[in-house]
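As a plain string of letters, each chain reads:
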Amino acid sequence: MLVDSHCHLDCLKLDRHGGSLNAALDAARARGVGHFLCISIELEKFDQIRAIAEAHDDVYATVGVHPCHTHSHQPTVDELLALAQHPKVIGIGETGLDYFHDVSTREAQQALFSTHIEVAKRTGKPLIIHTRNSRDDVLAQMRHEGAERAVMHCFTEDWATAKAALDLGYYISISGIVTFPKALELKDVAKRIPLDRLLIETDAPYLAPAPNRGKPNEPAFLADTAAYIAALRGLSLDALAEATTRNYQAAFRLDTLPIRALAS
Ligand SMILES: [Zn+2]
Ligand SMILES: [Zn+2]
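Computed from a predicted structure; not experimentally measured.

Draft legend 1. Broad picture of unusual backbone geometry. The linkage connecting Ala204 with the following residue, Pro205, adopts the cis geometry, with an omega of 15 degrees. Structurally, Pro205 can be placed in the loop between strand S8 (198-200) and helix H8 (222-233). The peptide bond linking Ala210 to Pro211 adopts the cis configuration, its omega dihedral lying at 5 degrees. By secondary structure assignment, the location of Pro211 is in the loop between S8 and H8. Even without a glycine there, the phi angle at Asn133 is positive, about 55 degrees. Within the secondary structure, Asn133 is located in the loop between strand S5 (127-132) and helix H5 (135-145). The exposure class assigned to Asn133 is exposed, which follows from the 12 C-beta atoms found within 10 Å.

Draft legend 2. Main features of the pairing of strand S1 (residues 2-7). For S1, the tally of buried residues reaches 6 of 6 residues, placing the bulk of the element in the interior. Pairing of S1 with strand S2 (residues 33-38) involves 4 bridges; the strand directions are parallel. Residue pairing across strands places Asp4 opposite Phe36, the latter belonging to S2. In terms of handedness, the path from S1 via helix H1 (residues 21-30) over to S2 forms a crossover that is right-handed.

Draft legend 3. Examining the environment of Ala23 more closely. Relative to the assigned elements, Ala23 resides in helix H1. For Ala23, a count of 12 C-beta atoms within 10 Å gives the class exposed. Along the backbone, Ala23 and Thr202 are 179 residues apart, and their C-alpha atoms lie at a distance of 17 Å. The contacts of Ala23, once residues within four sequence positions are left out, are His17 and Gly18.

Draft legend 4. Region of interest: H1. If you check which residues of H1 are buried, you get Ala24, Leu25, Ala28 and Arg29. For H1, the arc enclosing every buried residue in end-on projection is 145 degrees, short of the 170-degree limit, so these residues lie on one face. Along H1, exposed side chains directed more than 90 degrees from the buried face belong to Ala23 and Ala30. Taken together, the buried residues of H1 touch S2 and H8.

Draft legend 5. Molecular detail of the pairing of S2. Of all 6 residues making up S2, 6 are buried, and the element is well covered by its neighbours. Pairing of S2 with strand S3 (residues 59-63) involves 3 bridges; the strand directions are parallel. Opposite Cys38, over in S3, you have Ala61 as the bridge partner.

Draft legend 6. Spatial organisation of the environment of Asp196. Turning to its location among the elements, Asp196 is positioned in the loop between helix H7 (184-192) and S8. Using a count of 11 C-beta atoms within 10 Å as the deciding quantity, one classes Asp196 as exposed. Separated by 48 residues in the primary sequence, Asp196 and Thr244 have C-alpha atoms spaced 7.5 Å apart. For Asp196, the contacting residues outside a window of four places in its chain are Ala243 and Asn247.

Draft legend 7. Seen up close, the sheet that holds S5. Pairing within the open sheet is parallel, and its 8 strands lie in the order S1-S2-S3-S4-S5-S6-S7-S8. In this open sheet, the two edge strands, each paired with only one partner strand, are S1 and S8. Sheet twist, expressed as the average angle between the axes of neighbouring strands with direction ignored, equals 30 degrees. Direction of pairing for strand S7 (residues 171-174) relative to S8: parallel, over a ladder of 3 bridges.

Draft legend 8. Spotlight on the nonpolar core. By size, the foremost hydrophobic cluster in this structure holds 77 residues, and its most contacted members are Cys38, Val151 and Ile172. Those residues in contact with Val151 that sit more than four places away from it in its chain are Ser5, Pro126, Ile128, Ile129, Tyr170, Tyr171, Ser173, Leu199 and Ala251.

Draft legend 9. Representation of the packing of H7 against H8 in the model. Two elements in contact, H7 and H8, have axes whose closest approach is 9 Å; the angle formed by their N-to-C orientations is 75 degrees. Classed by the angle they form, the pair H7 and H8 counts as roughly perpendicular. Residues Lys187, Ala190 and Lys191 of H7 lie in contact with H8, whose contacting residues are Ile229, Leu232 and Arg233. By residue class, the composition of the contact of H7 with H8 is 3 nonpolar, no polar and 3 charged.

Quick notes on the rules
- Residues numbered from 1 in each chain as written.
- Chains lettered and ligands numbered in written order.
- Predicted model: local features only at pLDDT ≥ 70, side-chain atom pairs only at ≥ 80, totals over all residues.
- Helix = DSSP H or I, 4+ residues; strand = E, 2+ residues; numbered from the N terminus.
- Buried ≥ 20, exposed ≤ 12 C-beta atoms within 10 Å, placed from the backbone.
- Pairing = 2+ DSSP bridges.
- Right-handed = clockwise from strand over helix to strand, strands pointing away.
- Contact = placed C-beta atoms within 7 Å.
- Arc of directions from axis to C-beta.
- Axes fitted to C-alpha atoms, helices over the stretch in contact; angles between N-to-C directions.
- Core = buried A, V, L, I, M, F, W, Y, C linked by C-beta atoms within 7 Å.
- Parallel < 35°, antiparallel > 145°, perpendicular 65-115°, else oblique.
- Nonpolar A, V, L, I, M, F, W, Y, C, P; charged D, E, K, R; others polar.

Structure, rendered in structure tokens:
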């Protein structure tokens, strides 16, 4: 079984599935994806994400405000703590720093990031970390503020950054970008991450992997990224699926994983 550790189910383009999210999830389930972590990017849409998680046994959620959303409601620690109490909310984010999309000041992003780090520390739930042109500042702030548990999502940084994150005890999640021919450095990183720290994700609807590059991404395509990484590492797909699913459970402290029985 595969776990999509990062997808935006509230943003999927569902034309291929007759407008039905459940049909899109079924397409993923049919390819072995048995669990979905739906990631929050702004609180204005959190009700929708929570409703999706409540409607599907195999969908869990996170709560947080993306660093590019400093124009949306900026939560206090107490507000995020309250929303994080929901039993299906298992992570805090996505959060981090994005210096590429120049939507707000670095100070505003760092303050918002601090709020998330504090909530993660108080709840014991891992941070979902987004970096863009900001890797040194992200890790420095996490180190300085004592962030203990984290997933570096859609990782595209170099090996030195991966090593620094691994040394801090964090997990690293690889997306479909690894299938792109020019992503040579990322392929190398995806090979070198210790097998017990590796997660996989789609980041759907963004960045569909080969052979669907350029199309709207969806959780079913996780199977393509998984097969690609398995081949890269000389593993069977089953071995990669087992390891990354176990890692997901460890990262999010899930003793068992609610798995919907796959249609036979
Ligand atoms: Zn992101
Ligand atoms: Zn995302």
